[in-house]
Amino acid sequence: MKPVDPDRLLQDYERDGVVIVREFFSPDEVAAVRAELDRYIREDLADKPPDAATREADGVTVRNLWRLEQHNPALRRLAERDDIRTLVAPLVGGDPVLAAVETFNKPARIGSGVPYHQDNAYFCQSPPDMLTVWVAIDPVTEANGPVYYVNGSHREGVLPTKPSGVRGNSIGLAFPPDTPLSAQRCALLAPGDASIHHCNTVHHSAPNTTEVPRLGFLLVFRGRHTRTDPSLKATYQAAASANPPA
Ligand SMILES: O=C(O)CCC(=O)C(=O)O
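Before going into details, it helps to say that this report is about the structure given with it.

1. Concerning helix α2 (residues 27-44)
Inference 1: For α2, with 18 residues, the first-to-last C-alpha span of 25 Å sits near the 26 Å given by 1.5 Å per residue.
Inference 2: Turning to α2, its buried residues are V30, V33, L37 and Y40. Along the axis of α2, the buried residues cluster in a sector spanning 95 degrees; they form a single face. Of the residues in α2, the exposed ones pointing more than 90 degrees away from the buried face are P27, D28, A35, D38, R42 and E43.
Inference 3: Close packing links the buried residues of α2 with β4 (96-104) and β14 (216-223).

Next up, the structure:
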């Protein structure tokens, strides 16, 4: 990982609720993650439970891989690397616990969009000291469905939600934010770059109608001190059971 100034990172993260870390993974690490994901889909996924993946509307192409921290020891070991834990520890306010390893594949032409949401509607943690490291495996451009973040929205707490009807993203915001798209932070990333967002940061992405896939590899961490909030959990469970697995 390219060296990062930890004080600057924390300051930016606390202000905006999202930061970009360039060259989080080297080209060799990107290639290794891609190869392992391809191998896992080809050789292992069929034997995993149904909640290990969400497919696109064609019923075949993978939209998301879930629970890789349980199903794939190599990717779990990568996510638990010391340099990654050291980077995220100040951002989660304590000892980081790996909560999830996932993908948002957004395949070429048929990659579906992700509605406006806050991750803590899914994670249900209090205090909300939880974040996602979103690592670009493919180039992320304005055209192939980049993630847009609303700077500073992590300070608003968990906003009202509604079931979204989208498989893989069952809970959306009840009301879209006032911030126009042009004023949102668009995470344009080269392979190996990462965005890190707070679990209350509002974000979304458009479908990918281009010929270029947009694979994101996600590492989710919480501070060891966080606890599940029962009322957030009840709302999540109602939405997720209408649109399993997430
Ligand atoms: O990759 C995307 O398009 C959305 C990612 C997302 O919702 C997340 O990182 O929580």
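Let's pick the thread back up.
2. A closer look at the site of the ligand
Inference 1: In the vicinity of the ligand, the residues found are F104, K106, V114, D119, T132, W134, V147, H203, S205, G216 and L218.
Inference 2: Considering only residue class, the shell around the ligand consists of five nonpolar, four polar and two charged.

3. Description of the sheet that holds strand β1 (residues 18-21)
Inference 1: Spatial strand order, β1-β12-β7-β14-β4-β3-β2: seven strands in an open sheet with antiparallel pairing. Where the open sheet ends on each side, the last strands, each with one partner, are β1 and β2 (53-55). Averaged over neighbouring strand pairs, the angle between their axes works out to 15 degrees when direction is ignored.
Inference 2: Examined bridge by bridge, strand β7 (residues 130-136) and strand β12 (residues 194-198) share five bridges and lie antiparallel to one another. Bridge assignment links T132 to a residue of β12, and that residue is H197.

Quick notes on the rules
Residues numbered from 1 in each chain as written. Predicted model: local features only at pLDDT ≥ 70, side-chain atom pairs only at ≥ 80, totals over all residues. Helix = DSSP H or I, 4+ residues; strand = E, 2+ residues; numbered from the N terminus. Expected span 1.5 Å × (residues − 1). Buried ≥ 20, exposed ≤ 12 C-beta atoms within 10 Å, placed from the backbone. Arc of directions from axis to C-beta. Contact = placed C-beta atoms within 7 Å. Near = placed C-beta within 6 Å. Nonpolar A, V, L, I, M, F, W, Y, C, P; charged D, E, K, R; others polar. Pairing = 2+ DSSP bridges. Axes fitted to C-alpha atoms, helices over the stretch in contact; angles between N-to-C directions.

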